Amino acid sequence: MRLGTGDRRLRAETSGQDEVRRANVSTVLRLVHFGGAKTRSEIVAATGLNRSTVGALTAELVRLGLIRERHGEVVGKGRPSNVVEPVSHAVYVLAFDITAAEVAAARVGLGGYLLQVRRRLHQGPLHDVAGVVAHLAMLVREMRAKAAPGSICLGVVVSVPASVRQPDGFVRRSPSLGWYETPLVELLAAALNHELPVAAGNDGDLGAIAEYLRGAARGSRDVLYVRGQDGIGGGVIVDGELLKGAGGYAGELGHIVVRPQGHHCVCGARGCWEAEIGDAAIIRAFGRNPHESDIEDVLADVATGSRRALSGVRKTGEVVGLGLATLMNIFNPDTVVLGGSFGSLFPTMEPTLHAAVARALGPIREQATLVRSELGSDAQLIGAAEVAFADVLDHPVRTIEALLPSLRPGDASQADAVGSTGEAIRASS
Ligand SMILES: [Zn+2]
């Protein structure tokens with residue numbers, strides 16, 4: 001998938017009127033999807049297109065029901081510039097984030113709006129894949145029922161803490177879920193009677209995408225994202241593209257070895273970063289038993305400022321920083337985003353973290369900013385949604401007309417279908 005928030009290259013590189021028009025419609029839709037409401041004047045300035053072209057492009061997107069226009073306020077002299085904004089409920093994605101603890105589900109609308117979010121503890125044993133799939137299918141039906149009449153579901157995307165083969169979303173291994181060689185996408189698609197496209201992705205990759213497009217790494221080009229939880233989820237953006245690797249498994253940052261004789265890791269090796277500083281190790285660093293305490297207890301300890309808590313913060317920051325220094329040397333990121341438990345502990349462990357990260361090479365260290373995740377536990381949901389928005393952003397006309405044949409120009413049933421069945425998206429009016 002392409003992650004760029006603009007479509008800058010296309011106007012220069014492609015030929016043919018249709019392709020230029022497709023690229024321009026796509027560019028305008030991306031601007032408001034990622035940047036929110038814009039005046040026509042701002043779109044003119046951002047795209048370099050002339051005013052009448054922008055008017056024709058926004059009219060096309062209004063026809064498709066994807067954006068709406070309203071009169072802007074008069075600022076200074078001259079006519080007010082119309083404001084263009086995405087119609088959040090015109091098209092939506094159902095996004096899931098499965099962790100060892102819970103299932104988070106969201107209906108995410110155009111513009112990246114979280115229209116509905118629900119978090120539920122697993123209702124049965126996690127290793128019972130059929131049971132988890134049935135739960136997801138039920139949530140899909142519930143959330144679709146709550147969607148605005150006539151809005152279009154673009155698909156279902158599931159985030160899992162797993163090695164996920166791409167492009168088919170087959171789960172190869174997930175020690176924290178206990179899933180191995182699991183055809184998650186196939187099972188969920190079947191449970192939904194193949195009515196919706198289904199995809200799956202690694203939680204670290206989707207978190208990286210979300211923070212890059214909409215969170216703490218907006219405007220960056222080279223991003224390292226790490227999410228501390230049971231294990232460590234990670235994702236890497238290199239020059240604006242998600243690093244995938246040969247099979248889609250790149251970014252398993254939790255399995256770099258930071259202490260060769262250290263704790264046994266679920267992967268079979270010893271001293272992996274996630275074995276040394278996953279949630280269980282953090283809880284131990286705070287002098288607690290991982291079977292009896294969780295990260296919330298650790299955060300409560302931090303709030304007390306006790307000596308034991310300060311020691312826990314220091315130990316955690318050192319090991320997190322040790323891994324980060326190695327990864328920074330490899331990827332030379334401009335932004336390092338810490339999510340999950342690392343994000344929760346970030347404010348208190350920041351000084352230790354900076355001291356530990358000083359192990360990275362000077363020129364690399366100077367270029368990298370360490371930041372806390374902005375999207376928190378919503379990151380995976382938002383990243384998952386962007387995967388399914390890609391088609392409509394790249395090919396707005398083709399994608400919407402395929403989903404709503406009544407909108408095709410020259411379709412005799414157009415007026416009637418829009419007027420009577422409510423199937424067409426007219427939310428903009
Ligand atoms: Zn490992």
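Parameters at a glance
- Residues numbered from 1 in each chain as written.
- Predicted model: local features only at pLDDT ≥ 70, side-chain atom pairs only at ≥ 80, totals over all residues.
- Heavy atoms only, no water.
- Buried < 20%, exposed > 50% of the residue type's maximum accessible area, 1.4 Å probe, protein only.
- Helix = DSSP H or I, 4+ residues; strand = E, 2+ residues; numbered from the N terminus.
- Pairing = 2+ DSSP bridges.
- Domains from an automatic or database assignment.
- Contact = heavy atoms within 4.5 Å.
- Buried area = accessible area lost by both parts, 1.4 Å probe.
- Donors = N, O, S within 2.8 Å, 3.2 Å for Na, K, Ca; no water.
- Tetrahedral: all angles 85-135°; square planar, octahedral: opposite > 155°, others 65-115°.
- pLDDT = per-residue confidence, 0-100.
- Salt bridge = Lys/Arg side-chain N within 4 Å of Asp/Glu carboxyl O.

## Focus: the pairing of strand β4 (residues 91-98)
- A large share of β4 lies buried, amounting to 8 of its 8 residues.
- Side-chain alternation along β4 places V91, V93, A95 and D97 on one buried face and Y92, L94, F96 and I98 on a second face that is also buried.
- Relative to strand β7 (residues 152-160), β4 runs parallel, the two sharing 7 bridges. Counted as the bridge partner of V91 is I152 from β7.
- Relative to strand β5 (residues 102-109), β4 runs antiparallel, the two being bridged by 7 bridges. Looking across to β5, one finds that A95 is bridged to A106.
- The loop that links β4 with its antiparallel partner β5 comprises 3 residues.

## Concerning the domain arrangement of the protein chain
- Domain parsing of the protein chain yields domain 1 (8-87 + 395-421), domain 2 (91-205 + 379-386) and domain 3 (217-374).
- Distance from the C-alpha centre of domain 2 to the C-alpha centre of domain 3: 25 Å.
- Contact residues are listed per partner, giving 19 residues for domain 2 and 15 residues for domain 3.
- Of the roughly 1300 Å² buried where domain 2 meets domain 3, counting both sides, 43% is carbon and sulfur surface.

## Brief notes about the coordination of the zinc ion
- Coordination sphere of the zinc ion, protein contribution only: H255 (ND1), C265 (SG), C267 (SG) and C272 (SG), at 2.1 to 2.3 Å.
- Around the zinc ion sit 4 donor atoms, and with donor-metal-donor angles ranging over 107 to 119° the site reads as tetrahedral.
- Written as a sequence motif, the donor arrangement for the zinc ion is H-x9-C-x1-C-x4-C. One end of the pair, H255, is in the loop between β14 (241-242) and α8 (273-277); the other, C267, is in the loop between β14 and α8, and 12 residues separate them in sequence.
- Here H255 falls in the partly exposed class, since its relative accessible area comes to 24%.

## Focus: the sheet that holds strand β2 (residues 67-70)
- With antiparallel pairing, the 3 strands of this open sheet are ordered in space as β1-β3-β2. Strand pairing shows two members of the sheet lacking a second neighbour, β1 (38-39) and β2, which therefore form its edges.
- Bridge count between β1 and strand β3 (residues 83-86): 2 bridges; the pairing is antiparallel. Within β3, the position partnered with T39 by the bridge is V83.

## Examining the confidence of the model for the protein chain
- Model confidence for the protein chain is summarised by a mean pLDDT of 90, while 91% of its residues fall at 70 or above.
- Between residues 412-429, whose pLDDT stays under 50, and residues either more than four places distant or in other chains, the model counts 34 contacts.

## A look at the sheet that holds strand β9 (residues 171-174)
- The sheet built from 3 strands is open, its strands ordered β8-β9-β10 with antiparallel pairing. On the outer flanks of this sheet lie β8 (163-164) and β10 (179-182), each paired with one strand and no other.
- Looking at chain direction, β8 and β9 are connected through 2 bridges and run antiparallel. Of the residues in β9, the one forming a bridge with V164 is V171.

## A closer look at the pattern of salt bridges
- For the structure on display, the rule yields 23 salt bridges.
- For E142, the salt bridge goes to R118, with nearest N and O atoms at 2.5 Å. Taken together, the positions of E142 in helix α5 (residues 129-146) and R118 in strand β6 (residues 113-121) put the pair 24 residues apart, joining distant regions of the chain.
- Exposure remark for E142: the relative accessible area of 28% places this residue in the partly exposed category.
- Between R214 and E386 there is a salt bridge, with the nearest N and O atoms lying 2.8 Å from each other. Placement of the pair is R214 in helix α7 (residues 203-214) and E386 in helix α14 (residues 379-394), with a sequence separation of 172 residues. Each member of the pair R214 and E386 is classed as buried.
- Overlapping salt bridges bring together E60, R63 and E401 as one network.

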